[in-house]
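Fold and contact review
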Amino acid sequence: MRKDIQDIMAFIAVARERSFTRAAAKMGTSQSALSHTIRGLEARLGVRLLTRTTRSVAPTEAGERLLQTVAPRLDEIEAEMDALGELREKPAGSLRITTAEHAANTIIWPALERFLPQYPDIAVEVAVNYGLVDIVAERFDIGIRLGEQVARDMIAVPIGPEVRMAVVGSPVYFTRRKKPKTLQDLTDHNCINLRLPTHGGLMVWDFEKDGREVKVRVEGQVTATSGSQVLDAAMRGLGLGWVPEDMVLGHVADGTLIRVLEKWCKPFPGYHLYYPNRRQGAPALTALVEALRYRG
């Protein structure tokens, strides 16, 4: 039975990662050993659990059933084991966070700089991702997103002030193009898009003025995968960028960037951390949540 559980955990890792390579790296084993383990489990169960091709790995119908029924129970066992840390004098354990780049740079890293020296037995992994990650399926302890993007079935805690976006371009860019005065003018501009990994789509630019909300799908020659890339491209004169205001205030002040459409950029709910109910009360998680909680 113990071997079956170990082998099922190996199967779950592969099924969730959709990759023997990534699963083996996470488990600290080799691809060949992991493949041998899965084949042995399939032989004992008498069913195929994974469909393998040269390009992808995916659960079969039987594998999906095993993943949906057994994986959550093993997750609960792991959570209960973590909760035993309450008996320790100090919180301990590993925490995984998924967050967007801007929140990581402005909130997470500064908070961890203060937090980690106080809790030497806590280890934190920060994964920067613009996609709306399923933190339960991907085995993250905490997700961090803008308040309006947090799922309702999660415990949510504000960790930062309101956020405001800014549309900016370089002085060189504006020697070739007139400054946009209306949102319709954006159609005449080279706008720098941001690719979202979840569905492969492009981020929509959100604006608001006098209570009127407008979502604009922009076009341009450059598509980036992070906010810092958008900013870099804008500073090089490659187009207009739409980025968090605090990333560009210094550049606007020194003249290396020019801000436009400012009246259309209204503040909106800031970053929240969120986590599933079953993790409530875990000492390491509780300590980190309190360290990140916004009290402004």
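In case you missed it, the structure is sitting above this.
Structure report, in brief.

**Considerations on the overall build of the protein chain**
Tallying secondary structure elements over the protein chain gives nine helices and 14 strands in all. Summarising its shape, the C-alpha atoms of the protein chain cover approximately 70 × 50 × 35 Å along the three principal directions. Every one of the 296 residues in the protein chain was classed for burial, and the buried ones make up 44%. Counting contacts in the protein chain only where the partners sit at least 6 residues apart, residues at least 24 apart contribute 73% of the total. Of the side chains in the protein chain, 39 bear a positive and 36 a negative charge, and the two mean positions are spaced by 5 Å.

**Overview of the sheet that holds strand 12 (residues 241–244)**
Remark on secondary structure: sheet strands pair via backbone hydrogen bonds, oriented parallel or antiparallel. Across the sheet, three strands lie side by side as 12-7-13; this open sheet has antiparallel pairing. Edge strands, defined here as strands with exactly one partner in the open sheet, are strand 12 and strand 13 (258–260). Across the sheet, the axes of successive neighbouring strands diverge by a mean angle of 45 degrees, strand direction being ignored. Relative to strand 13, strand 7 (residues 165–169) runs antiparallel, the two sharing three bridges. The residue of strand 13 that forms the bridge with Gly169 is Ile258. Sheet strands touched by helix 7 (residues 227–235): strand 7 and strand 12. Its angle to strand 12, the strand with the most contacts, is close to 130 degrees.

**Considering the packing of helix 5 (residues 101–115) against helix 9 (residues 283–292)**
Angle between the axes and distance between the axes: these two values describe a pair of packed helices. Where helix 5 meets helix 9, the axes come as close as 10 Å, and the angle between the chain directions of the two elements is 120 degrees. Along this stretch, helix 5 crosses helix 9, giving a crossing that reads as right-handed. Along the contact surface, helix 5 presents Ile107, Ile108, Ala111, Leu112 and Phe115, while helix 9 presents Ala287, Leu288, Ala291 and Leu292. Its residues assigned to classes, the contact of helix 5 with helix 9 comprises nine nonpolar, no polar and no charged.

**Points about the environment of Val128**
Turning to its location among the elements, Val128 is positioned in strand 4 (residues 122–128). C-alpha separation for the pair Val128 and Ala284, spaced 156 residues apart in sequence, amounts to 21 Å. With residues up to four places along the chain from it excluded, the contact list for Val128 reads Thr99, Ala100, Glu101 and Ala104.

**Description of the environment of Asp254**
Topologically, Asp254 is positioned in helix 8 (residues 249–254). What makes Asp254 exposed here is its relative accessible area of 51%. Once the C-alpha coordinates of Asp254 and Lys90 are considered, the two residues, 164 residues apart in sequence, prove to be 47 Å apart.

**Concerning empty space enclosed by the protein**
The final tally for this structure, using the stated rule, is one cavity of 30 Å³ or more. Estimated volume of the largest cavity: approximately 40 Å³. Taken together, Ile192, Asn193, Leu194, Met203, Trp205, Val230 and Trp242 form the lining of the largest cavity.

**Quick word on the sheet that holds strand 5 (residues 142–146)**
Read from one edge of the open sheet, five strands run 4-3-5-14-6, paired in mixed fashion. Of all the strands in the sheet, the pair left with one neighbour each is strand 4 and strand 6 (155–158). Shown here is a sheet whose adjacent strand axes are inclined to one another by a mean of 25 degrees, direction ignored. In the sheet, strand 5 pairs with strand 14 (residues 271–275) via four bridges, with the strands oriented antiparallel. Across the sheet, residue Gly143 finds its bridge partner in strand 14, namely Tyr274. Helix-sheet contacts for helix 5 involve strand 3 (93–99), strand 4, strand 5 and strand 14, and the interaxial angle to strand 4 is about 170 degrees.

The rules behind each value
Chains are numbered independently. Their residues run from 1 in the order of the written sequence. With the structure being a predicted model, the display of local features is reserved for residues of pLDDT at least 70 and the display and counting of side-chain atom pairs for 80 or more, all residues being used for whole-chain, interface and lining totals. As a rule here, side-chain values come from all non-hydrogen atoms in the structure, and water together with hydrogens is ignored. Strands are runs of DSSP state E lasting at least 2 residues, helices are runs of H or I lasting at least 4, and numbering of each runs from the N terminus. Only protein chains enter the area calculation, which uses a 1.4 Å probe; residues under 20% of their type maximum are buried, those over 50% are exposed, and those in between are partly exposed. Contacts are residue-level and defined by heavy atoms, with any inter-residue pair within 4.5 Å sufficient. Lys and Arg are tallied as positive, Asp and Glu as negative. Neither His nor the chain termini are counted. Where a charge lies is defined by one atom per residue type: Lys uses NZ, Arg uses CZ, Asp uses CG and Glu uses CD. Pairing between strands requires that DSSP locate at least two bridges from one strand to the other. Axis definition: a line fitted to C-alpha atoms, over the contacting stretch in the case of helices. Angles run 0 to 180 degrees between N-to-C directions. By convention the crossing between two helices is left-handed if the near helix lies anticlockwise of the far one by an angle smaller than a right angle, and right-handed if it lies clockwise. Under the scheme applied here, ten amino acids are nonpolar (Ala, Val, Leu, Ile, Met, Phe, Trp, Tyr, Cys and Pro), four are charged (Asp, Glu, Lys and Arg), and all others, including Gly, are polar. Definitions used for this entry: grid spacing 1 Å over protein atoms alone; cavity, a set of points where a 1.4 Å probe fits but cannot get out; pocket, an open set with protein on both sides within 12 Å along at least 5 of 7 lines; lining residue, one with an atom within 4 Å of a point. Grid points are joined across faces, edges and corners, and a volume is the space filled by probe spheres set on the points.

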